[in-house]
Amino acid sequence: MTAVQHITVLGATGSIGLSTLDVIARHPDRYQVFALTGFSRIAELEALCVKHKPRYAVVPDAVVAHQLQVSLRAAGLVTEVLHGAQSLCEVAAHADVDVVMAAIVGAAGLPPTLAAAEAGKKVLLANKEALVMSGALFMQAVKRGGAVLLPIDSEHNAIFQCLPGDYARGLQQVGVRRVLLTASGGPFREMPLDQLHAVTPEQACAHPNWSMGRKISVDSASMMNKGLELIEACWLFDASPAQIEVVVHPQSVIHSLVDYVDGSVLAQLGNPDMRTPISHALAWPERIDSGVAPLDLFAIARLDFQVPDEQRFPCLRLAREAAQAGGTAPAMLNAANEVAVAAFLERRIRFPEIASIIEHVLQAEPAVALECLDTVLVADGQARNLAERWLAQR
Ligand code: NDP
Ligand code: MG
């Protein structure tokens, strides 16, 4: 019998956070919640605290913290409510924590995810933006801290499952020819190109296969999500962009594949439900029940594959170029994308302008070498300023 694992869920109120807590609740003998964090959905965070009884809850500011503390005391809970970005790092790196689910969306998730890595935790990485921004620095922190980094992104979790245990020796050394990264193509895969300028945030967030937070849903519609995932895969598996091929697979049943030199191609399949990769990473190297229904191949009947269309999805090209440029280019790509997606969700720009903003930012500011976390944060800030200026002058 393994000892109970204490878990911090960063971004507990989000889509990945809730799926994680669903899996945890199925295995009270294995997992106990140590800390939960939320940002704007405080009523939901309160309900999660009542259900999971964490030692700590973290919210953005002191006023909200006080209100939540009063409510939780009235409910008879001993949960201590903390606030601010530093508290996120503290509950991620706390000595009593075994596992950290990194599920805050965007750049805000970088400091606590890095703190978990430095503190040598088992880090379950959903927050791909953190790795995209800081690349080599993040992987060095994992090594330095002795952390175990497991991918939650379904594609990367699939690739991890299809690779041999000693893949860190190098993909070529273990006989890998290519990694095939699957993409659903999102809701606009077949929409006539001249209609893309009129799509709404609601249409962009209505993903055909996956239920996700709004930012990643827009990223999936623009295929920036696949671009970020390409960069994420390069760091996780020490691959070059040329070793990774994006394959559009509209059914989202095959979550990615690994092509070996002998012609064997290994794939991981499953229903599109994030509880599968979450359960896999939580229990690794064991397996636990996730609550996901068995895959019914007869109901699926067919699997399709297409070449990605970079004219329709310029974000994919921009991400590949940023991956090849290296240094601060991926951090700038990510920051410009975050500003652009927020502006699209606020109906300030049209969908195709997301790519225009990112292209403008990447051309306006040359990438520099990634020396330290400050270099990343400066590049992130510069890209955000350039993107905001583009929006203001529009
Ligand atoms: P959601 O938008 O559903 O959740 C985001 C979480 O982050 C929420 O708990 C939110 O709090 C919190 N949050 C937002 N902004 C801040 C901030 N500034 N500081 C602290 N916390 C903040 O997103 P998802 O769960 O869909 O995605 C989370 C991450 O996982 C993303 O990086 C995404 O790319 C990745 N991912 C998601 C997948 C999915 O299927 N959903 C699949 C693969 C990767 P609140 O809700 O209280 O405002
Ligand atoms: Mg994914």
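The rules behind each value
In this numbering scheme, every chain counts its residues from 1 along its sequence in written order. Lettering of chains starts at A and numbering of ligands starts at 1, both following the order in which they are written. In keeping with the predicted nature of the model, local features appear solely for residues at pLDDT of at least 70, side-chain atom pairs appear and are counted solely at 80 or more, and the whole-chain, interface and lining totals rest on all residues. Side-chain metrics in this entry use all non-hydrogen atoms of the structure; hydrogen atoms and water are not considered. Donor atoms: N, O and S within 2.8 Å of the metal, or within 3.2 Å for Na, K and Ca. Because water is excluded, sites can look incomplete. What counts as a helix is a DSSP run of H or I of at least four residues, what counts as a strand is a run of E of at least two, and both are numbered from the N terminus. For each residue, the accessible area found with a 1.4 Å probe, counting protein chains only, is set against the maximum for its type, and the residue is called buried under 20%, exposed over 50%, and partly exposed in between. Counted charges follow a simple rule, with Lys and Arg positive, Asp and Glu negative, and His plus the chain ends left uncounted. A pairing counts as a salt bridge when a side-chain nitrogen of Lys or Arg comes within 4 Å of a carboxyl oxygen of Asp or Glu. Here a polar contact is recorded for every N or O atom pair within 3.5 Å, except that within protein the pair must consist of a potential hydrogen donor and a potential acceptor, and residues adjacent in sequence are included only if both atoms are side-chain atoms. Between two residues, a contact is recorded if the distance between any of their heavy atoms is within 4.5 Å. Here a strand pair is declared whenever DSSP counts at least two bridges between the two strands. Axis definition: a line fitted to C-alpha atoms, limited for helices to the stretch in contact. Angles are taken between N-to-C directions and run from 0 to 180 degrees. Every angle not falling under 35 degrees, over 145, or within 65 to 115 is termed oblique; those three ranges are roughly parallel, roughly antiparallel and roughly perpendicular. Two helices crossing with the near one rotated counterclockwise from the far one by less than a right angle form a left-handed crossing, whereas a clockwise rotation gives a right-handed crossing. Residue polarity follows a fixed list, in which Ala, Val, Leu, Ile, Met, Phe, Trp, Tyr, Cys and Pro are nonpolar, Asp, Glu, Lys and Arg are charged, and the others, Gly among them, are polar. By nonpolar core we mean a set of buried residues, namely Ala, Val, Leu, Ile, Met, Phe, Trp, Tyr and Cys, connected to one another through side-chain atoms within 4.5 Å. In this document the domain limits rely on a domain assignment from an automatic tool or a database. Here a residue counts as near a molecule or strand whenever at least one of its heavy atoms sits within 4 Å of it. The method behind every accessible area is Shrake-Rupley, applied with a 1.4 Å probe, and residues are considered shielded solely by the protein chains displayed. Each patch is built from residues that are more than 30% exposed by relative accessible area and take part in no salt bridge. Like charges join if they lie within 9 Å; nonpolar side chains (Val, Leu, Ile, Met, Phe, Trp, Tyr) join within 5 Å.

**Quick notes on the coordination of the magnesium ion (ligand 2)**
Here the magnesium ion (ligand 2) is held by D153 (OD), E155 (OE) and E229 (OE), and the distances to it run 2.1 to 2.2 Å. For the magnesium ion (ligand 2), the single-chain donor residues occur in sequence as D-x1-E-x73-E. Of this pair, D153 sits in the loop between β7 (148–151) and α7 (154–162) while E229 sits in helix α10 (residues 224–236), placing them 76 residues apart in sequence. Judged by its relative accessible area of 8%, D153 is buried. For E229, a relative accessible area of 1% gives the class buried.

**What to know about the side chain of K122**
Within the element layout of this structure, K122 appears in strand β6 (residues 122–125). Here K122 occupies a buried position and makes no salt bridge, while the nearest side chain of opposite charge, E286, is found at 8.6 Å. Engagement of the side chain of K122 in a polar contact is seen with the backbone oxygen of A281, the distance being 3.1 Å. If sequence neighbours within four positions are ignored, K122 has contacts with D98, V99, V100, V148, L150, A281, L282, A283 and W284.

**Some remarks on the pairing of strand β11 (residues 265–269)**
Sheet analysis places strand β10 (residues 254–260) next to β11, joined by 5 bridges and oriented antiparallel. Note that in β11 the partner of D259 across the bridge is V265. Hairpin geometry of β10 and β11 is characterised by an intervening segment of 4 residues between the two adjacent antiparallel strands and by a positive phi of about 95 degrees at G263.

**Examining the sheet that holds β11**
If you walk across this open sheet you meet the 4 strands as β9-β8-β10-β11, and the pairing is mixed. A single partner strand is all that each edge strand has here, and the edge strands are β9 (244–248) and β11. Averaged over all adjacent pairs, the angle separating strand axes in this sheet is 20 degrees, with direction ignored. Contacting β8 (176–183), β10 and β11, α7 crosses the sheet at an angle of about 40 degrees to β10.

**Points about the pattern of salt bridges**
Inspection of every chain in the model, using the stated rule, returns 26 salt bridges. The residue D304 makes a salt bridge to R302 at a minimum N-O spacing of 2.6 Å. Residue classification places D304 among the partly exposed residues on the basis of a relative accessible area of 22%. The network of salt bridges with shared partners includes K128, D153, E155, K226 and E229.

**Describing the packing of helix α1 (residues 15–26) against helix α11 (residues 275–283)**
One can describe the packing of α1 onto α11 by two numbers: an axis separation of 9 Å at closest approach and a directional angle of 55 degrees. The angle between α1 and α11 falls in the class oblique. Viewed along their axes, α1 and α11 form a crossing whose handedness is right-handed. Between α1 and α11, the residues in contact are I16, S19, T20, D22, V23, I24 and R26 and R275, I278, S279 and L282, respectively. Looking at side-chain class alone, the contact of α1 with α11 contains 5 nonpolar, 3 polar and 3 charged residues.

**Observations regarding the environment of G109**
If you trace the backbone, G109 turns up in the loop between β5 (99–102) and α5 (110–118). Taking relative accessible area as the criterion, G109 reaches 1% and is therefore assigned buried. Separated by 21 residues in the primary sequence, G109 and A130 place their C-alpha atoms 6.2 Å from one another. Apart from the residues within four sequence positions on either side, G109 is in contact with I104 and N127.

**Focus: the nonpolar core**
Counting 92 residues, the largest nonpolar core has L36, M101, I152, L163, F237 and L282 as the members making the most contacts within it. Per-element accounting of this core gives the leading share, 7 residues, to helix α6 (residues 128–145). The residues that make up this core include at least three from each of domain 1 (5–151) and domain 2 (153–310). Within the second largest apolar cluster, 40 residues are counted, among which are L228, A322, L333 and I357.

**Some remarks on the site of ligand 1**
Every one of the 23 residues lining ligand 1 counts as a neighbour, but T13, F39, S40, R41 and E129 are closest to it. Within the backbone of G14, an N or O atom sits 3.1 Å from an oxygen atom of ligand 1. V105 places a main-chain nitrogen or oxygen 3.4 Å from an oxygen atom of ligand 1. Summarising the interface, the protein chains cover 90% of the accessible area of ligand 1, which totals 890 Å² for the free molecule.

**Here we look at a nonpolar patch on the surface**
A contiguous nonpolar surface patch, about 340 Å² in accessible area, is contributed by L269, L297, L303 and F305. Among the secondary structure elements, L297 is positioned in helix α12 (residues 297–300). L297 sits in the partly exposed class, given a relative accessible area of 47%.

**Notes on the sheet that holds strand β2 (residues 31–37)**
Taken together, the 7 strands give an open sheet; going across it, the order is β4-β3-β2-β1-β5-β6-β7, and neighbouring strands pair in parallel fashion. Pairing within the sheet leaves two strands with one partner each, and these edge strands are β4 (80–83) and β7. In this sheet, adjacent strand axes meet at a mean angle of 25 degrees when their direction is disregarded. Lying on the sheet, α5 is in contact with β1 (5–10), β5 and β6; it crosses β6 at an angle near 145 degrees.

None of this, on its own, says anything about what the molecule does.
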